[in-house]
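Per-entry structural report
These are the residues of each chain, in order.
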Amino acid sequence: MKVLNAAESENFLKEYLPIARSSLVGDFDEALRFTKNNYPVVLKLISEKIIHKTDLKAVAIVKNEEEMGREFDRLLEFARKKRLKTEGILVQEFFKGKEVIIGLKKDDSFGHVIMFGIGGIYAELLRDVSFRVCPITAEDADEMLNELKLKKILEGVRGEARVNLKLLKNILVRVSKIPEKNKNINEMDINPFIINANEGKLVDARIVLE
């Protein structure tokens with residue numbers, strides 16, 4: 001098995017899905033050149049040893065150059081203290097919207113199956129997900145959405161705008177077809193894919209290849 005880190009997974013998936021703009025950097029000057037004074041941005045420590053970045057405080061949202069310098073140093077110090085082998089720090093555009101989780105898994109009986117649900121840091125706690133055998137149709141994607149107990153979060157509650165549901169369903173169909181060209185995918189987790197009323201972008205992913 002080969003595990004792709006977040007940067008490698010995003011590079012793998014950019015052929016299929018809209019990806020939040022990012023750059024894997026090795027030093028602070030590189031981060032500044034990427035940011036070009038456009039804040040906020042997200043910093044993520046990239047290491048094969050880190051799966052849940054939020055749990056380990058290995059991710060930070062920064063609003064200006066001062067904050068970025070402080071958090072950049074903190075992430076490097078964290079890696080040093082934990083003796084982590086790192087690939088660098090991923091600097092990524094900050095994208096607002098609702099968080100969903102989309103996954104693929106190779107099943108011994110059914111082949112690849114797709115999973116869809118409410119995402120973000122509470123995904124494992126909520127476990128509000130739906131499954132289908134790949135590939136799926138637009139009708140299947142609609143059914144998966146309707147099976148979620150918390151679907152109203154995506155449809156808009158308390159005056160919030162509904163997300164672009166047509167785009168979201170299209171994304172699910174696209175993901176379900178990825179194994180057709182990549183049968184060696186054993187597992188894939190996109191968490192989160194962030195979507196708002198207009199557009200959606202993948203902001204974190206992890207892929208396990210056979």
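Now for a description of the structure that goes with this document.

Now for the pattern of salt bridges. Side chains bearing opposite charge may pair, as long as their charged atoms lie close to each other. The final tally for this structure, using the stated rule, is 11 salt bridges. Across the pair D128 and K149 runs a salt bridge, and its minimum N-O distance is 3.9 Å. With a gap of 21 residues between them, D128 in the loop between α4 (123-126) and β8 (129-133) and K149 in the loop between α5 (138-146) and α6 (152-155) connect regions that are remote in the sequence. The buried category is assigned to D128, whose relative accessible area is 2%. On the basis of relative accessible area, K149 is assigned to the exposed category, the value being 68%. Residues E147 and R132 are paired through a salt bridge, measuring 2.6 Å at the closest nitrogen-oxygen approach. Highlighted residues: E147 in the loop between α5 and α6 and R132 in strand β8, separated in sequence by 15 residues. One salt-bridge network, in which partners are shared between bridges, spans R132, E143 and E147.

The next subject is helix α1 (residues 6-13). For α1, every residue scored as buried is listed here: A6, A7, S9, E10 and L13. Down the axis of α1, the buried side of the element spans an arc of 165 degrees, and every buried residue falls inside it.

A few words on the sheet that holds strand β4 (residues 59-62). If you walk across this open sheet you meet the four strands as β2-β5-β3-β4, and the pairing is antiparallel. Each having just a single partner strand, β2 (22-25) and β4 make up the two edges of the open sheet. Strand-to-strand twist in this sheet, taken as the mean axis angle between neighbours without regard to direction, amounts to 20 degrees. Looking at chain direction, strand β3 (residues 41-46) and β4 are connected through four bridges and run antiparallel. Considered in β4, the bridge of K44 is made with V59. Packing of α1 onto the sheet brings it into contact with β2, β3 and β5 (88-93), and relative to β5 it is tilted by some 50 degrees.

This part covers the packing of aromatic side chains. Within a pair of aromatic rings, the relevant descriptors are the distance that separates the centres and the angle that separates the planes. Taken as a whole and judged by the stated rule, the model has two aromatic pairs. Between the aromatic rings of F12 and Y16, the centroid separation amounts to 6.5 Å while the plane-to-plane angle is 40 degrees, which identifies the pairing as tilted. Take Y16: its relative accessible area is 17%, and that puts it in the buried class. Here the aromatic rings of F28 and F72 are separated by 5.7 Å at their centres, their planes lie at 70 degrees, and the arrangement is edge-to-face. Here F28, found in helix α2 (residues 28-35), pairs with F72, found in helix α3 (residues 65-82); they are 44 residues apart in sequence, far enough to count as distant.

How each quantity is defined
- Every chain's residues receive numbers from 1 upward, in the order its sequence appears when written.
- Only residues with pLDDT of at least 70 get local features here, since the model is predicted, and only at 80 or more are side-chain atom pairs given and counted; chain-wide, interface and lining totals rely on the full set of residues.
- To get the side-chain values, take all heavy atoms of the structure and skip hydrogens and water.
- We define a salt bridge as a side-chain nitrogen of Lys or Arg found within 4 Å of a carboxyl oxygen belonging to Asp or Glu.
- Think of it this way: any DSSP run of H or I at least four residues long counts as a helix, any run of E at least two long counts as a strand, and we number them from the N terminus.
- Each residue is placed in one exposure class: buried if its accessible area under a 1.4 Å probe, protein chains only, is under 20% of its type's maximum, exposed if it is over 50%, and partly exposed if it falls in between.
- Arc, as used here, means the arc of the directions from the helix axis to the C-beta atoms.
- Strands pair, by our definition, only if DSSP identifies at least two bridges between them.
- Axis geometry follows a simple rule: fit a line to the C-alpha atoms, using only the stretch in contact for helices, then measure angles between N-to-C directions, giving values from 0 to 180 degrees.
- Note on contacts: a residue pair is in contact if any heavy atoms of the two residues lie within 4.5 Å.
- The aromatic pairing rule takes the rings of Phe, Tyr and Trp, using the six-membered ring of Trp, and pairs them if the centres are within 6.5 Å, calling planes under 30 degrees apart stacked, those over 60 edge-to-face and the rest tilted.

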